[in-house]
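The residues making up each chain are set out below.
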Amino acid sequence: MPSDWIWGAIGGLMIGGAAAIYLLVNGRIMGASGILGGLVDGTGRSTMMERLAFLFGALVVPPLLVPLYTSVDTQITTNPVIIIAAGLLVGIGTRLANGCTSGHGVCGISRLAPRGLASTGLYLLGGGVTVLVFRHGLELI
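Being a predicted model, the structure only gives us computed values, none of them experimental.

Criteria and thresholds
- Residues numbered from 1 in each chain as written.
- Predicted model: local features only at pLDDT ≥ 70, side-chain atom pairs only at ≥ 80, totals over all residues.
- Heavy atoms only, no water.
- Salt bridge = Lys/Arg side-chain N within 4 Å of Asp/Glu carboxyl O.
- Helix = DSSP H or I, 4+ residues; strand = E, 2+ residues; numbered from the N terminus.
- Buried < 20%, exposed > 50% of the residue type's maximum accessible area, 1.4 Å probe, protein only.
- Patch = residues over 30% accessible without salt bridge, like charges linked within 9 Å, V, L, I, M, F, W, Y side chains within 5 Å.
- Areas by Shrake-Rupley, 256 points an atom, 1.4 Å probe, with all protein chains shown as cover.
- Core = buried A, V, L, I, M, F, W, Y, C linked by side-chain atoms within 4.5 Å.
- Contact = heavy atoms within 4.5 Å.
- Phe/Tyr/Trp six-rings, centres within 6.5 Å; stacked < 30°, edge-to-face > 60°.

Caption draft 1: Representation of the pattern of salt bridges in the model. Taken as a whole, this structure holds one salt bridge when the rule is applied. Residue Arg28 is joined to Glu50 by a salt bridge in which the shortest nitrogen-to-oxygen separation is 2.1 Å. Of the two residues, Arg28 sits in the loop between helix H1 (4-26) and helix H2 (32-41) while Glu50 sits in helix H3 (residues 48-65), which places them 22 residues apart along the sequence. A relative accessible area of 34% places Arg28 in the partly exposed class. Using a relative accessible area of 22% as the deciding quantity, one classes Glu50 as partly exposed.

Caption draft 2: Up close: a nonpolar patch on the surface. Taken together, the side chains of Leu122, Leu125, Val129, Leu132, Val133, Phe134, Leu138, Leu140 and Ile141 present a nonpolar region at the surface, about 830 Å² in accessible area. In this structure, Phe134 sits in helix H6 (residues 114-137).

Caption draft 3: Quick peek at the nonpolar core. Listed in full, the six residues of the largest apolar core are Ala19, Tyr22, Met30, Ile35, Leu55 and Cys107. Not counting residues within four places of it along the chain, the set of residues in contact with Cys107 comprises Ala19, Ile29, Met30 and Ser102.

Caption draft 4: Geometry of the packing of aromatic side chains. Applying the stated rule across the entire model yields one aromatic pair. A centroid spacing of 6.0 Å and a plane angle of 70° characterise the contact between Tyr22 and Phe54, whose relative ring orientation is edge-to-face. Within this pair, whereas Tyr22 is found in helix H1, its partner Phe54 is found in helix H3, the two being separated by 32 residues in sequence. Residue classification places Tyr22 among the buried positions, given a relative accessible area of 10%.

Spatial relationships are all this shows, so hold off on functional conclusions.
Encoded structure:
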């Protein structure tokens, strides 16, 4: 049996644990897009140090874990246009939804927030439609 699901479970536990710690320490929801967005648009000046610490950890920890893995297959395309377009679409989507999967999905669902449940359902639906169109319809990914 493939063991890929184990890495997904470990990653999910790590994200959930980080969200719980962030909530307990700061009293706020850990939404990655909100943390980054507050730095970009200037609304997060009062909490700049915690936002920078969060981003620092998100950027520094993955390279530290590289020695633990013999190979990583992300299934990402090598087409830079698609990668850039995907990043822009994710950014636009998080602004339209007033949050991202870490805020709505992890934190919203764990609090049984109706907005979190609805947003997560729409994220999953949108992802499924995107795969159908770009992978199976247009064969771009």
